Amino acid sequence: MTQVAWQGAGKREWTAAARTDASGAGGGGAMAPAGPLPPAGLADDSGVPPGTRHAQRTGAQARTGGEVILDLQHISLSFGGVKALTDISFDVCEHEVRAIIGPNGAGKSSMLNVINGVYHPQQGRIVFRGEERKQMHPTAAARQGIARTFQNIALFKGMTVLDNIMTGRNTQFRTSWFAHALWWGPARNEEMRHRQKVEEVIDFLEIQSIRKTPVGRLPYGLQKRVELARALAAEPSMLLLDEPMAGMNVEEKQDMCRFILDVNRQFGTTIVLIEHDMGVVMDISDRVVVLDYGKKIGDGTPEEVKGNPDVIKAYLGTSH
Ligand SMILES: Nc1ncnc2c1ncn2[C@@H]1O[C@H](COP(=O)(O)OP(=O)(O)OP(=O)(O)O)[C@@H](O)[C@H]1O
């Protein structure tokens, strides 16, 4: 596996050289193992070739200066005797890329599920855009502009790419199902608007060539991209990505990184990301929160986290 030197602080963009089109992105490639956290200044093991990952980090300062839009305070969540999260506090600023990392079972997915209302913590406060949330349902979170992708792809495998992405517009429908069934007046106009938005997303993610293909026939990497497309179709202001690069080969990871950064820059979408590939995390994140056994052990910029002794210990003490 290619060893890549850390490129130093202040660099992180992907270059156009990393681009491949959808048809060229093969699936089912070997997953780069999530290696131990590389200390600052040392090599990482993300397998991404040098020179394709980094360019000047032009927009980063502007992003990290955004106001806090999500404030998680003293969150604790248990499943019977299992403490998934214990007294976790951190915030997310508008327009930033915020990563949540940690060894297996650290509580990362549980945290995302708390953010989008799948799990309701027994303790703690969640303040989203200045309003405290109580027992929010995922549909309500979606209506507030929070979309997510899943660790295990959650698409309708027998449906086409286009139809799957269209389901991402569900929370945006305003006219009744009856009007839609009749394809009548306002309903027809609304559906045209939805289809136009979906086509924009398809163009953005460069998946025109597979728009009519049933998702189940696509390689894994492209299915992950379709899942991202469905989330983007909802026009979220905050996007929760649960291991968007898991199971991808190097080329697919490059593409996914580029798309995530493009979404962040072009639409200003705030990204909250779980990812095991430390090279990717340190490259594309503005800030990183680190969990271990359901507790927060680190929080800061990639450079700060890389130098945190507790974080290094947690990673060196695990097999992945
Ligand atoms: N629905 C659930 N019921 C019972 N226990 C759960 C549930 N969800 C998570 N847990 C437990 O909570 C702990 C944290 O799990 P979680 O999936 O959040 O970790 P993770 O950091 O996302 O792990 P991974 O990297 O392996 O996906 C684990 O011990 C897990 O078994």
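Rules of the game
- All residue numbers refer to positions counted from 1 along the written sequence of the respective chain.
- Side-chain atom pairs in this predicted model are given and counted only at pLDDT of 80 or more, local residue features only at pLDDT of at least 70, and totals for whole chains, interfaces and linings cover all residues.
- With hydrogens and water excluded, all non-hydrogen atoms of the structure serve as input to the side-chain values.
- Here a residue is near a molecule or strand as soon as one of its heavy atoms is found within 4 Å of it.
- Contacts described as polar in this section are N or O atom pairs within 3.5 Å, which, within protein, must combine one atom able to donate a hydrogen with one able to accept it, while residues neighboring in sequence count only if both atoms come from side chains.
- Calculation of accessible area relied on Shrake-Rupley with a 1.4 Å probe; when residues are assessed, cover is drawn exclusively from the protein chains displayed.
- Numbering of helices and strands starts at the N terminus; helices are DSSP runs of H or I of at least 4 residues and strands are runs of E of at least 2.
- Three residue categories are used. Nonpolar comprises Ala, Val, Leu, Ile, Met, Phe, Trp, Tyr, Cys and Pro, charged comprises Asp, Glu, Lys and Arg, and polar comprises the others, including Gly.
- Between buried and exposed lies partly exposed: a residue is buried under 20% and exposed over 50% of the maximum accessible area for its type, with that area taken using a 1.4 Å probe on protein chains only.
- The aromatic pairing rule takes the rings of Phe, Tyr and Trp, using the six-membered ring of Trp, and pairs them if the centres are within 6.5 Å, calling planes under 30 degrees apart stacked, those over 60 edge-to-face and the rest tilted.
- Two strands make a pair as long as DSSP finds a minimum of two bridges between them.
- The score called pLDDT rates the predictor's confidence residue by residue, from a low of 0 to a high of 100.
- Note on contacts: a residue pair qualifies if any of its non-hydrogen atoms lie within 4.5 Å across the two residues.
- For helices, the fitted line uses only the C-alpha atoms of the stretch in contact; every axis is such a line through C-alpha atoms, and the angle between N-to-C directions lies from 0 to 180 degrees.
- To form a nonpolar core, buried Ala, Val, Leu, Ile, Met, Phe, Trp, Tyr and Cys residues must be joined to one another through side-chain atoms within 4.5 Å.

- As annotated in an unreviewed UniProt entry, the protein chain is Amino acid/amide ABC transporter ATP-binding protein 1 (HAAT family) from Cupriavidus phytorum.

1. Notes on the site of the ligand
Phase 1: Close to the ligand lie 15 residues; Gly105, Gly107, Lys108, Ser109 and Ser110 are nearest.
Phase 2: With respect to the ligand, the side chain of Lys108 contributes an N or O atom lying 2.7 Å from an oxygen atom.
Phase 3: Measuring from an oxygen atom of the ligand, one finds a side-chain N or O atom of His276 at 3.2 Å.
Phase 4: Protein contact buries 64% of the 630 Å² of open area that the ligand shows by itself.
Phase 5: If one sorts the elements of the shell around the ligand by residue count, helix α2 (residues 108-115) sits on top with three residues.
Phase 6: The residue inventory of the shell around the ligand, partitioned by class, reads six nonpolar, seven polar and two charged.

2. Section: unusual backbone geometry
Among all residues save glycine, negative phi is the norm, and among peptide bonds the norm is trans.
Phase 1: Even without a glycine there, the phi angle at Arg129 is positive, about 50°.
Phase 2: Judged by relative accessible area, which is 38%, Arg129 ranks as partly exposed.
Phase 3: Residue Glu243 is not a glycine yet carries a positive backbone phi of 50°.
Phase 4: Position of Glu243 relative to the elements: it lies in the loop between β9 (238-242) and α8 (250-267).
Phase 5: Exposure remark for Glu243: the relative accessible area of 8% places this residue in the buried category.

3. Digging into the packing of aromatic side chains
Aromatic rings considered in pairs are described by the distance between their centres and by the relative angle of their planes.
Phase 1: For the coordinates displayed, the defined rule picks out two aromatic pairs.
Phase 2: On the basis of an interplanar angle of 75° and a centroid distance of 5.0 Å, the ring pair of Phe79 and Tyr119 is categorised as edge-to-face. In this pair, Phe79 is assigned in strand β3 (residues 68-79) and Tyr119 in the loop between α2 and β6 (123-128), connecting sequence segments 40 residues apart.
Phase 3: Look at Phe79 and you get partly exposed, because its relative accessible area is 38%.

4. Observations concerning the pairing of strand β4 (residues 82-93)
Phase 1: When β3 meets β4, the two strands line up antiparallel, connected through eight bridges. Across the sheet, the residue bridging to Leu77 is Leu85, located in β4.
Phase 2: The hairpin formed by β3 and β4 contains two residues between the paired strands, and Gly80 there has a positive phi angle of roughly 60°.

5. Concerning the confidence of the model for the protein chain
Phase 1: When pLDDT is averaged across the protein chain, the result is 78; 73% of the residues are at 70 or more.
Phase 2: Note on residues 1-62: pLDDT under 50 across the span, and 158 contacts to partners over four residues away in sequence or across chains.

6. Some details on the sheet that holds strand β7 (residues 131-132)
Strand pairing in a sheet relies on backbone hydrogen bonds. The paired strands run either parallel or antiparallel.
Phase 1: The strand order β4-β3-β6-β7 describes an open sheet built from four strands, whose pairing is antiparallel. Where the open sheet ends on each side, the last strands, each with one partner, are β4 and β7.
Phase 2: Sheet analysis places β3 next to β6, joined by five bridges and oriented antiparallel. By the bridge assignment, Ser76 is partnered in β6 with Gln123.
Phase 3: Strands in contact with α2 are β3, β4 and β6; relative to β3, the strand with the most contacts, it is inclined by about 120°.

7. Thoughts on the environment of Arg148
Phase 1: Structurally, Arg148 is set in strand β8 (residues 146-149).
Phase 2: It is 9.5 Å that separates the C-alpha atoms of Arg148 and Asn113, two residues lying 35 residues apart in sequence.
Phase 3: Look past the residues within four positions of Arg148 in its chain and what remains in contact with it is Leu112, Asn113, Asn116, Ala231, Leu240 and Asp242.
Phase 4: A distance of 2.4 Å separates polar atoms of two side chains, one belonging to Arg148 and the other to Asn113.
Phase 5: A distance of 3.3 Å separates polar atoms of two side chains, one belonging to Arg148 and the other to Asp242.

8. Digging into the sheet that holds strand β12 (residues 295-300)
Phase 1: If you walk across this open sheet you meet the six strands as β8-β9-β10-β5-β11-β12, and the pairing is mixed. Each edge of the open sheet is held by one strand with a lone partner, namely β8 and β12. The sheet shows a mean angle of 15° between the axes of neighbouring strands, taken without regard to direction.
Phase 2: Bridge analysis of strand β5 (residues 97-101) against strand β11 (residues 287-292) gives four bridges, and the strand direction is parallel. Directly across from Ile100, in β11, lies its bridge partner Val289.
Phase 3: Its contacts with the sheet put α8 on β5, β9 and β10 (270-274), and the angle it makes with β10 is roughly 155°.
Phase 4: The sheet contacts of helix α11 (residues 309-316) involve β5, β11 and β12, and relative to β12 the element is tilted by about 125°.

9. Details of the nonpolar core
Phase 1: Counting 48 residues, the largest nonpolar core has Ile101, Ile165, Leu205, Ile207 and Leu239 as the members making the most contacts within it.
Phase 2: In terms of residue count, helix α7 (residues 220-233) provides more of this core than any other element does, seven residues in total.
Phase 3: Once residues within four sequence positions are removed from consideration, Leu239 is found in contact with Ala147, Leu228, Ala231, Leu232, Val263, Thr269, Thr270, Ile271 and Val272.
Phase 4: The next biggest cluster of nonpolar side chains, apart from the first, holds 27 residues, and it includes Leu72, Val92, Ile126 and Leu291.

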